[in-house]
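Each chain, written out:
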Amino acid sequence: MDFKDLITQYSWEEIKNTIYAKKGTDVEEALYKNSSLTVNDFMSLISPAAQPYLEQMAVLSRKYTQQRFGKTIQFYVPLYLTNSCINHCVYCGFNHNNRIKRIILTDEQILEEVKAIKKMGDFRHILLVTGEDPRAAGVDYIENAIRLVKPYFSSISIEVQPLEEEDYTRLKKVGLNAVYCYQETYHKERYKIYHPKGMKSKFGWRVNTFDRMGKAGIHKMGLGVLIGLEDWRTDATYMALHLRYLQKHYWQTKYSVSFPRMRPHEGEEFQPNVVMSDKELAQIIFAFRIFDHDLEIALSTRENKIFRDNMTTLGVTSLSAGSKTDPGGYAVYREELEQFAVNDDRNPAEVLSAVKGQGYEVIWKDWDLSLQS
């Protein structure tokens, strides 16, 4: 049974009702556990009933993070290769219907971006990002891009269209370390509303992407939901279920999670259905850390600098810095092509200074390499 089949056993409304029925005693029971939290415990930690316990959750989150990762923050940088996309996601600036100039970086342009990135800081962990255009920027293009950037980075991740198992195996052989794929929402009945056309409209194909990664032996998988589509507490619970399923079946794989909140983008017709406060974003970070001490938690430049600085010591393990969300953004900045508006526009040196100012060390390389040294 794959995860697509497994989640048919769960009801969105039943899970939601369970979360909102939680009481303070349920939260306290989850907090008193030292390990082996269940998904039911997780639901307590993200429930409205947990809000009076945020300070206690923050203390535990910091404790568990430091025990596992020490006082370190990993830096990574996204490199957008193309904004060409066949999908019609209503919340995305790369939506096929948006009238923006489409760019697919050439080999020369990719290397220009790499040179510009290297001038910004000693980045060793790069995330290659594309829109979903399999014909123009498919597996051959992605493999070529990995080969081009490999001499300059110790860890290469991708955030691209879902691929076949054999494609992940192929890319792993040329240097791929990690794959990030956001389900956006696990609400199957409403998923099609946000993804009306394109391959991304196929809920089952996307949600089973991680099974194909696991079978291919991908070193690290990154899960995420887009905050703003559906009830975030229910979506987070489905992601916790997904995480536990993956850990059971692909126990040698490492896992990362993130919770991007919607940001302004090209084509403003769609507005968020749900608005998450900073306090609620902190709650979901604390909850996942208490739920799983080994989990990597990433926070991108979608969030403002004050929030990112506050989370540095409270559960986050990975930060992007100096990010551009448009292809060609580092060498020649083209603001009109970006996928979403960046919120923390500090350069890497400024983010580095802020992290060090809190007594933390910045790790430019991949976690595994840094921990083995």
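Residues numbered from 1 in each chain as written. Predicted model: local features only at pLDDT ≥ 70, side-chain atom pairs only at ≥ 80, totals over all residues. Heavy atoms only, no water.

Let us look at the confidence of the model for the protein. Here the protein shows a mean pLDDT of 91. Residues at 70 or above account for 93%. Long-range and interchain partners of residues 369–373, a stretch whose pLDDT sits below 50, account for three contacts in this model, where long-range means more than four residues apart. (pLDDT = per-residue confidence, 0-100. Contact = heavy atoms within 4.5 Å.)

This brings us to helix 11 (residues 209–216). Counting buried positions over the eight residues of helix 11 gives seven, a clear majority of the element. Turning to helix 11, its buried residues number three or more, namely T209, F210, D211, R212, M213, G214 and A216. Positive backbone phi, approximately 80 degrees, marks G217, located one or two places after helix 11. (Buried < 20%, exposed > 50% of the residue type's maximum accessible area, 1.4 Å probe, protein only. Helix = DSSP H or I, 4+ residues; strand = E, 2+ residues; numbered from the N terminus.)

A few words now on the environment of F75. By the element assignment, F75 lies in strand 1 (residues 72–82). Classification of F75 by relative accessible area gives buried; the value is 0%. Put simply, F75 and S320 are 245 residues apart on the chain and 5.6 Å apart in space, counted from C-alpha to C-alpha. With sequence-adjacent residues up to four places away left out, F75 is seen in contact with F123, H125, L319, A321, P348, V351, L352, V355, V362, I363 and W364.

Right, let's talk about the packing of helix 5 (residues 54–69) against helix 13 (residues 278–291) for a bit. Axis separation between helix 5 and helix 13 bottoms out at 9 Å; the angle between their running directions is 50 degrees. Between helix 5 and helix 13, the interaxial angle falls into the category oblique. For the crossing formed where helix 5 meets helix 13, the hand is left-handed. Between helix 5 and helix 13, the contacting residues are L54, M57, A58, L60, S61, Y64, T65 and F69 on the first element and K279, Q283, I285, F286, A287, R289 and I290 on the second. (Axes fitted to C-alpha atoms, helices over the stretch in contact; angles between N-to-C directions. Parallel < 35°, antiparallel > 145°, perpendicular 65-115°, else oblique. Left-handed = near helix turned anticlockwise from the far one by under 90°.)

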